Protein chains: 2
Amino acid sequence: MSGALRPGDRIPFEHELMAEYGCARMTVNKALSALASAGLIARQRRRGSFVTRPRIHMAALRIPDIREEIEKRGHVYALRLVTRSVLGADSPSAAPLRLSHGKLLSLRCVHLADARPYAVEERLINLAAVPDAMDADFAIDPPGSWLLAHVPWTEAEHRITAAPAGDTAILLELDTDKPCLVLERWTWREAETITYVRTIFDGDSFDLTAHFASQG
Amino acid sequence: MSGALRPGDRIPFEHELMAEYGCARMTVNKALSALASAGLIARQRRRGSFVTRPRIHMAALRIPDIREEIEKRGHVYALRLVTRSVLGADSPSAAPLRLSHGKLLSLRCVHLADARPYAVEERLINLAAVPDAMDADFAIDPPGSWLLAHVPWTEAEHRITAAPAGDTAILLELDTDKPCLVLERWTWREAETITYVRTIFDGDSFDLTAHFASQG
DNA sequence: GAGTGGTCTAGACCACAAC
DNA sequence: TTGTGGTCTAGACCACTCC
């Protein structure tokens, strides 16, 4: 959680943790099993236990990584940065991040599949939490992928709505009243807000799926 | 899973299961702890462990029980049954249920909040899996609540899209091109399909939220 | 006071994958 | 062959809650 262990790092073997914390192996095992079932570590016989790469979608709701999704379907992914600006927390367009003070980076970009617009992303990044974002080149890595790789998150919240394309219609090459699926996400690390993102998809060409099983 | 234990039933105490299966208490405890963390049972000191009432929304994605949602906001809930018919599996409108043969019950109803339309529900119920549905009075219990109470489910899948109101516009009292959020759900019990439901909400007055935490 | 779940210990055997 | 995780046993103490 603290970020001291990075994705891919090996955590100590069970017998090492037994010695370190002076407890029985069953106790260590239960703790690690809980971390594994929560998806925080992956365990492999004979090799050890490793910190997993954090993923937003987790078990139930499959929130896609847009680049991954597009490339998996065999299309060429590209990102077009439309605007990039630094705002104060009191700016009206900074409101969704819900910060009382400080500066934030505002991005607006278009995800392209085979050079055709796929989704519009409007993002706010809290620069107090992620100062490195100022120097990041978001033309190479999409902002979402860059953030996932650089900043560990502990909590995320999504909101899904339907709305007309509105002022994103030109970027998506749609009619202004075309129904679109709007996915908003807030991400926190402990108590600190990291980022807010609003992604707008054409309702005809995109859906979200979620799978539940009573067990497992 | 089999339905032999109904919601609210007490399952045997740990020491009884030890005797029944001839294993150590830790083994029983791990099994019951897993069931509890999966939300299938609730455990209480001194009282025992009880089968929980199944809920569709589970931990992450909050899929609302519409009646509950409306009443929680202090509105009067009502249901209007628009159509009710029995179809063959080969009927075009039965296609979403993906059955190869048999009969199914088709329902279309409007959920009302303070007598104003809130959502349109289009539902297909597999009568081979749920014969009792023929005799149910869906004017009292909404179909979703009735099914949850009568049929245990083991798997559910959701699909969320955005679409124009279309032919539900009249029922929802909206323009035909008004963006709506469409929630589709398939529910299974083991390999058998129980029901398919498509719920259409006004995009302006409804959203779905999902919360994730890395831990817990 | 009694009985439940919550949790821990110390030791054991097994399966599997790397060497 | 070796060392890891996976899983089990038998026994123990504690906290909480109902009686």
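In short, a report on the structure. (Residues numbered from 1 in each chain as written. Chains lettered and ligands numbered in written order. Predicted model: local features only at pLDDT ≥ 70, side-chain atom pairs only at ≥ 80, totals over all residues.)

**Looking at the overall build of chain A**
Scanning chain A from N- to C-terminus turns up 5 helices and 11 strands. Here the C-alpha coordinates of chain A stretch approximately 65 × 40 × 30 Å along the principal axes. Across the 216 residues in chain A, those meeting the buried criterion constitute 31%. Long-range pairs, those at least 24 residues apart, make up 55% of the contacts in chain A between residues at least 6 apart in sequence. (Helix = DSSP H or I, 4+ residues; strand = E, 2+ residues; numbered from the N terminus. Buried ≥ 20, exposed ≤ 12 C-beta atoms within 10 Å, placed from the backbone. Contact = placed C-beta atoms within 7 Å.)

**Considering helix α1 (residues 14-21) of chain A**
Quick reminder: α-helices carry 3.6 residues per turn. Residues three or four places apart thus point the same way. Burial analysis of α1(A) places just 0 of its 8 residues in the buried class, a small minority of the element. Looking one or two residues past α1(A), A:G22 carries a phi angle of roughly 60°, positive in sign.

**Comments concerning the protein's contact with DNA strand C**
Contacts to DNA strand C come from 21 residues, most closely from A:C23, A:A24, A:M26, A:T27 and B:R46. Within the residue set of the surface near DNA strand C, elements represented by two or more residues are α2 (25-37) of chain A together with α1 (14-21), α2 (25-37) and β3 (48-51) of chain B. Residues belonging to the surface near DNA strand C are distributed by class as follows: 5 nonpolar, 6 polar and 10 charged. (Near = placed C-beta within 6 Å. Nonpolar A, V, L, I, M, F, W, Y, C, P; charged D, E, K, R; others polar.)

**Observations regarding the interface of chain B and chain A**
In this complex, chain B contributes 31 residues to the contact, which on the side of chain A involves 31 residues. Contributions of two or more residues to the side of chain B that touches chain A are made by β8 (155-164), β9 (179-189) and β11 (208-213) of chain B. In terms of residues, the side of chain B that touches chain A owes the most to one element, β8(B), which gives 10 residues.

**Some details on the sheet that holds strand β2 (residues 41-44) of chain B**
Residues and elements named next belong to chain B. Taken in spatial order, the 3 strands make up an open sheet running β1-β3-β2, and their pairing is antiparallel. Looking at strand neighbours, the two that pair on one side only are β1 (10-11) and β2, the edges of this open sheet. Here β1 runs beside β3; their pairing, made up of 2 bridges, is antiparallel. In the sheet register, I11 faces β3, and the bridge partner there is S49. Sheet strands in contact with α2 are β2 and β3, and its direction is about 115° off that of β2. (Pairing = 2+ DSSP bridges. Axes fitted to C-alpha atoms, helices over the stretch in contact; angles between N-to-C directions.)

**Points about the relation of the copies chain B and chain A**
Superposing chain B onto chain A takes a rotation of 180° combined with a translation of 0.0 Å along the rotation axis, leaving an RMSD of 0.1 Å. Classification of the inter-copy transformation places it as that of a two-fold axis. Closest approach to the rotation axis among the C-alpha atoms of chain B is made by B:P179, whose C-alpha sits 2.2 Å away. Interface residue correspondence from chain B to chain A reaches 100%, placing this contact among same-surface, isologous pairings. (Least-squares fit on C-alpha atoms with pLDDT ≥ 70 in both.)

**As for α2(A)**
Taking 1.5 Å of rise per residue, the 13 residues of α2(A) would be expected to cover 18 Å, and the 18 Å separating its terminal C-alpha atoms lies within 8% of that figure. With its phi angle positive at about 85°, A:G39 sits one or two positions after the end of α2(A). (Expected span 1.5 Å × (residues − 1).)

**With respect to the packing of α1(B) against α2(B)**
All names here are of chain B. It is at 9 Å that the axes of α1 and α2 come closest, and there the two elements cross at 115°. Here α1 lies roughly perpendicular to α2, going by the angle between them. Our pair here, α1 against α2, has a crossing hand that is right-handed. Residue-level inspection shows E14, H15, L17 and M18 of α1 in contact with α2, the latter providing R25, V28, N29 and L32. Of the residues that constitute the contact of α1 with α2, the class distribution is 4 nonpolar, 2 polar and 2 charged. (Parallel < 35°, antiparallel > 145°, perpendicular 65-115°, else oblique. Left-handed = near helix turned anticlockwise from the far one by under 90°.)

**Structural notes on the protein's contact with DNA strand D**
In the neighbourhood of DNA strand D, 21 residues make up the surrounding shell, with A:R46, B:C23, B:A24, B:M26 and B:T27 lying closest. Taken together, the elements giving at least two residues each to the surface near DNA strand D come down to α1, α2 and β3 (48-51) of chain A together with α2 of chain B. Here the surface near DNA strand D is composed, by residue class, of 5 nonpolar, 6 polar and 10 charged.

**Brief notes about the pairing of strand β9 (residues 179-189) of chain A**
All names here are of chain A. Of all 11 residues that make up β9, 9 are buried, and the element is covered over most of its length. Here strand β8 (residues 155-164) pairs with β9 via 10 bridges, running antiparallel. Of the residues in β9, the one forming a bridge with T161 is V182. In sequence, β9 turns back onto strand β10 (residues 192-202) through a hairpin of 2 residues, with E190 there showing a positive phi of about 50°.

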